[in-house]
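Residue-level listing of the chains:
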Amino acid sequence: MSIQATEPGPAAGRTTRLTVLCRGATAANLQTRFSSDDPLLVKEHTHLGKLAGALRRFDTVLHAPERSAVETAGALSGNSAPCAALRDVNYGRWNGQRATDIAERSPEDLQRWREDPFSAPHGGESFDAAQVRAVAWLQGLHAKGGNTLAVTHAVILKLLFLQVVGAPLTSIWHIDVEPLGMLVLTSDGRRWTLRRFGPGR
C-alpha cells in the first residue's frame, strides 16, 4: 500500500501535524557502525508494508538524502521529496567504522564525544550543530498546515524530541529510538506539542 502525497492547500487557520519517522534498519544497525548510507535490510520492506496501512494520509512526504531514508519514504509514498535538513549527522572519519573499533583505537576521543555534545573529535558535525539545523527546519513548519511525514535518522529524531521537551543535549544518551520509531508533533503556529514518541512498528 502506498501513501500518496499531494500539495497542501493554504495553511491559514490550520493545525500543522508532523510525523518524524526513523528510517528502517540497515546493516549498520546490526553492526553498531557509524554509517547512514546503507540500503535497508530486506525484511524492512515487510514492516514498511504493514506501517503504510496503519498511517494516516499525508499532504507532504519528505526524506533525508541517504539511501535508507529514500527507500523508507519510497515504500510509504509514491511522491516524496528530499530535504537536506533531515540528513544524518556527519561523523567525519568515523563514518563506516564500528563503535567498538573506535573505542579501542581512540578511547579519549570517543569519551569526549559522549560527554560534550558541542565536540566533534571525528572531524565532522557535533550534536549541537546537527540540532541547530534540524530545529531551524522544524521552526519553519509552524505555519505550513496540513499533515507532513519526514523520514530521517534516529539521532535527528532524538535531537528534535529534546528541543520540543526542553531537555539538555546530554540527555541524548538516555533515549533509544529503534528503526521505524516515530515522533508526532502538532503546532498551533506558535509552539510544537508532543503527541507521540515511540515505536512505529
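Because the structure is a prediction, the values reported are computed rather than measured. (Residues numbered from 1 in each chain as written. Predicted model: local features only at pLDDT ≥ 70, side-chain atom pairs only at ≥ 80, totals over all residues. Heavy atoms only, no water.)

**Student:** Give a detailed account of the sheet that holds strand β2 (residues 60-63), specifying residues and quantitative values.
**Tutor:** Spatially, six strands are ordered β3-β2-β4-β1-β5-β6 in an open sheet, and the strand pairing comes out mixed. For this open sheet the edge positions go to β3 (81-82) and β6 (192-198), each flanked by a neighbour on one side alone. Direction of pairing for β2 relative to β3: parallel, over a ladder of two bridges. Bridge assignment links H63 to a residue of β3, and that residue is P82. Across the sheet, helix α7 (residues 154-165) touches β1 (16-22), β4 (146-152), β5 (182-187) and β6, and the angle it forms with β6 is around 135°. (Pairing = 2+ DSSP bridges. Helix = DSSP H or I, 4+ residues; strand = E, 2+ residues; numbered from the N terminus. Contact = heavy atoms within 4.5 Å. Axes fitted to C-alpha atoms, helices over the stretch in contact; angles between N-to-C directions.)

**Student:** Quick one: what's the story with the packing of aromatic side chains, residue by residue and with numbers?
**Tutor:** The full count for this structure, using the stated rule, is nine aromatic pairs. Residues F34 and W94 carry aromatic rings whose centres are separated by 5.6 Å and whose planes lie at 50° to one another, so their mutual orientation is tilted. Taken together, the residues span a long stretch of sequence, with F34 in the loop between α1 (27-31) and α2 (44-54) and W94 in the loop between β3 and α4 (99-105) at a distance of 60 residues. For the pair formed by F34 and W94, the shared burial category is buried. Chaining the aromatic ring pairs together yields one cluster made of F34, Y91, W94, W113, F127 and W173. (Phe/Tyr/Trp six-rings, centres within 6.5 Å; stacked < 30°, edge-to-face > 60°. Buried < 20%, exposed > 50% of the residue type's maximum accessible area, 1.4 Å probe, protein only.)

**Student:** Could you give an account of unusual backbone geometry, with specific residues and numbers?
**Tutor:** The backbone phi angle of T32 is positive, close to 50°, even though this residue is not glycine. By the secondary structure assignment, T32 is in the loop between α1 and α2. Despite not being glycine, L180 has its phi angle at roughly 70°, a positive value. Along the chain, the position of L180 falls in the loop between α7 and β5.

**Student:** Account for the packing of helix α6 (residues 127-139) against α7, with residues named and values stated.
**Tutor:** One can describe the packing of α6 onto α7 by two numbers: an axis separation of 9 Å at closest approach and a directional angle of 70°. Judged by the angle between their axes, α6 and α7 are roughly perpendicular. On the side of α6, the interface is formed by F127, A130, Q131, R133, A134, V135, W137 and L138, while α7 contributes V155, I156, L159, L160, L162, Q163 and V164. Among the residues making up the contact of α6 with α7, the classes are represented as twelve nonpolar, two polar and one charged. (Parallel < 35°, antiparallel > 145°, perpendicular 65-115°, else oblique. Nonpolar A, V, L, I, M, F, W, Y, C, P; charged D, E, K, R; others polar.)

**Student:** Could you give an account of the pattern of salt bridges, with specific residues and numbers?
**Tutor:** By the definition in use, this model includes five salt bridges. A salt bridge links R33 to D38, with the nearest nitrogen and oxygen atoms 2.8 Å apart. Across the salt bridge formed by D109 and R112, the nearest N and O atoms sit 3.7 Å from each other. With a gap of three residues between them, D109 and R112 both fall in helix α5 (residues 107-115), about one helical turn apart. Assessed through its relative accessible area of 24%, D109 is described here as partly exposed. (Salt bridge = Lys/Arg side-chain N within 4 Å of Asp/Glu carboxyl O.)

**Student:** Describe the confidence of the model for the protein, with residues and values.
**Tutor:** Residue-level pLDDT values for the protein average 91, and 93% of them are 70 or greater. Below a pLDDT of 50 lies the segment residues 1-12, which in the model reaches 37 contacts outside its immediate sequence neighbourhood of four places, other chains included. (pLDDT = per-residue confidence, 0-100.)

**Student:** Just give me the short version of α6, but keep the residues and values in it.
**Tutor:** Look at α6: 18 Å from first C-alpha to last across 13 residues, which is about the 18 Å you get at 1.5 Å a residue. Buried residues of α6: F127, A130, Q131, R133, A134, V135, W137 and L138, and no others. (Expected span 1.5 Å × (residues − 1).)

**Student:** Can you lay out the side chain of S35 for me, pointing to particular residues and giving the numbers?
**Tutor:** Position of S35 among the secondary structure elements: in the loop between α1 and α2. At a separation of 3.4 Å, a polar atom in the side chain of S35 contacts the side chain of D38. The contacts of S35, once residues within four sequence positions are left out, are R23, A28, N95 and G96. (Polar contact = N/O pair within 3.5 Å; in protein donor to acceptor, adjacent residues only side chain to side chain.)

**Student:** Can you explain the environment of R33? Please cite residues and give values.
**Tutor:** The topology assignment puts R33 in the loop between α1 and α2. Taking the C-alpha atoms as reference points, R33 and L76, separated by 43 residues in sequence, lie 26 Å from one another. In this structure, R33 is in contact with A27, A28, D38, G96, Q97 and R98, ignoring residues within four places of it in sequence. Polar side-chain contacts of R33 include one of 2.8 Å to the side chain of D38.

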